[in-house]
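# Chain and residue survey
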Amino acid sequence: MWQEVLGRFEKHAPASVMARIALEQAMPAAWIDEVFEANRQRQYPRELLFSTVVELMSLVSLGLQPSLHAAARKMEHLPVSLAALYDKVKRTELPLLRALVQGSSARLQPIAAALDVGACVPGWQLRIVDGNHLPGSQKRLAPLRGHRGAALPGHSLVVYDPDLAQVVDLLACEDAYESERTAVMPLLDSAGPGQIWIADRHFCTRTILQRCHEAQASFIVRQHSKHPVIVHQGPWRDAGRCETGLVREQTLHIDEAQAPWRRIELQLDQASESGESTLWLWSNLPGSISAGQIASLYRRRWSIEGMFGRLESVLNSEITTLGHPRAALLGFTVAVLAYNLLSLLKRCVEHAHRQEAPQLDVSTYHLAQHVRGAYEGLLIAVPPAHWPNWAPQDTDQVVQRLLALARRIIPRQVATSKRGPKIEKPKGWVEAAKARAHVSTARVLKAAAEQTP
C-alpha cells in the first residue's frame, strides 16, 4: 500500500519526492546529530536533539511554516517546552554552522559530479567569497526596545562554487560590526592548489592575498583604492579584448623576494552603474591563463550576488522575528542548506530534459513552489518507516532515481520567465502634495480605454 501511495506522489508531485531524496542524502538526522557531537563546545543533547531543531528551522526556511513558533506548535511530539527550544536555538555554537555547510556540501558533491557539471576553467575550482549582512530584526528582546536604530543580528561570510552552484563554506559572525577582512582568514585555511579565489576590492589587502599565495591557491581580486604598497611594477602591455572591453596587463611586486603578480586593466566599453569606466584586477594566476580570461572570470563574482538574492526571495533566509544573533544566523544557515538542495534539483531537471530542451533554465522560485506544494502532504501520507532507504554509498542509484523523477516534471512549468530590458524611471524630489495624491484605478482604466483607437 505504501509503495502505491508513494507512486502517486512520484507521478503528481515529483519535485517533492526529489527534495525528500536529496534531503536524505545531504542532511540525514543521524548525521546532523553526529556533527553536533563532534563540534559542540558547551551545548549538550538531552531531550531535544539538534536534528530536531534543524528540521523545524528548515520548515520555516522553505516557507512551509511562517515562524519557528508556529512550526514547533504544530509538531506532534516536541520533547521540550517552547521556552527550552528558543533557549537552545539562541545558544547555537557558530562552529557547528560551518561544519553543517561544509559537510552537507561534501555529501552532495558526488551526486553533482555525476551530472556532468563542466568546470568553467578546466582543471581549476572556483571559489567566490563575499559577505552577507542580515537586516535589522524586530526588537522583541528587552535590551533592544530602547534603541531607535536598527538592531543588526550579525553577518556571515560565504564561499560559493559557481560551477556546482553550491555554497561550500560559511563562517557566521554574531557581531554585526566585526570586520569582514579579519573574519575571512579562517575560510582561507581551506584554500589550496588548483583553486581560484575571487573577491571584491574590499578583500584586496596584503594579509589576505599573501595567505592565498602561501597556500598555493590563486586569486582574482579587484584593486582597492588603498591597495597594498607596490615596490616594483613592470610596463603595461596590450592583452587584446574581452567581451566587455579592452585589456592590458603588467607585473607587480609587493615584496622583492616574492614571485611577481599580475595587474589587469579593463577599460569598459560601457561604464558601470556607479560610473566607473576602468577596473583593475590583481591576480597570481600563471601565464597560461590570459588577461582576457581573468577579466571574464571576475564577472563570475556576480553569481554570488544572484545567490544571495534567491536566498532572500525564494527562501526565508532573513527571519526578522529571531532577534538573537545566533538564532538568526542559524536560520540563515539552514536556508543556505536548503538552497544547495534546490540547486541540485535544478541541475537534475535541466540534465533530464537536455535533449528536448537544451536551453532550459530552471527557475529556483518555481521549483521551490513545486516542492512546497506537496512536501508536507508527502510527510503525512508516507511515514518515515515506509520510506525507501537510499544509502549514501549508492550514488549512481540515487542519481538515476532523481533523473527519473525529474523527467516527470513539465519543463515549461519550472522554466524561467525572460523579461525585457529594464525601463529607467526618473527619480527625484516631488512635492508632498503629489506624493500623497491618489486616483481611482477604475476611472484611469476607463479613460485609457476611451483614448485607445
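The structure we're discussing is the one just above.
Described below are features of the structure shown in this document. (Residues numbered from 1 in each chain as written. Predicted model: local features only at pLDDT ≥ 70, side-chain atom pairs only at ≥ 80, totals over all residues. Heavy atoms only, no water.)

All right, on to the pattern of salt bridges then. Under the counting rule described, the total for this entry stands at 23 salt bridges. For the salt bridge of Arg20 with Glu24, the shortest nitrogen-to-oxygen distance reads 3.2 Å. Taken together, the residues span about one helical turn, with Arg20 and Glu24 both in helix α2 (residues 14–26) at a distance of four residues. A salt bridge links Glu376 to Lys74; its shortest N-O distance comes to 2.9 Å. Taken together, the positions of Glu376 in helix α13 (residues 364–381) and Lys74 in helix α5 (residues 68–74) put the pair 302 residues apart, joining distant regions of the chain. (Salt bridge = Lys/Arg side-chain N within 4 Å of Asp/Glu carboxyl O. Helix = DSSP H or I, 4+ residues; strand = E, 2+ residues; numbered from the N terminus.)

Turning our eyes to something else, we now look at the environment of Glu174. Take Glu174: it is sitting in the loop between β3 (166–173) and α8 (180–183). With a relative accessible area of 33%, Glu174 lands in the partly exposed category. Taking the C-alpha atoms as reference points, Glu174 and Leu94, separated by 80 residues in sequence, lie 8.4 Å from one another. Sequence-distant contacts of Glu174, defined by excluding residues within four places in its chain, comprise Leu94, Pro153, Gly154, Pro325, Arg326 and Leu329. Engagement of the side chain of Glu174 in a polar contact is seen with the side chain of Arg326, the distance being 3.3 Å. (Buried < 20%, exposed > 50% of the residue type's maximum accessible area, 1.4 Å probe, protein only. Contact = heavy atoms within 4.5 Å. Polar contact = N/O pair within 3.5 Å; in protein donor to acceptor, adjacent residues only side chain to side chain.)

This part is about helix α4 (residues 50–61). Taking 1.5 Å of rise per residue, the 12 residues of α4 would be expected to cover 16 Å, and the 16 Å separating its terminal C-alpha atoms lies within 8% of that figure. Packed against the buried residues of α4 are α3 (29–39), α5, α6 (82–89), α7 (94–113) and α12 (325–352). Following α4 by one or two positions, Gly63 has its phi on the positive side, about 85°. (Expected span 1.5 Å × (residues − 1).)

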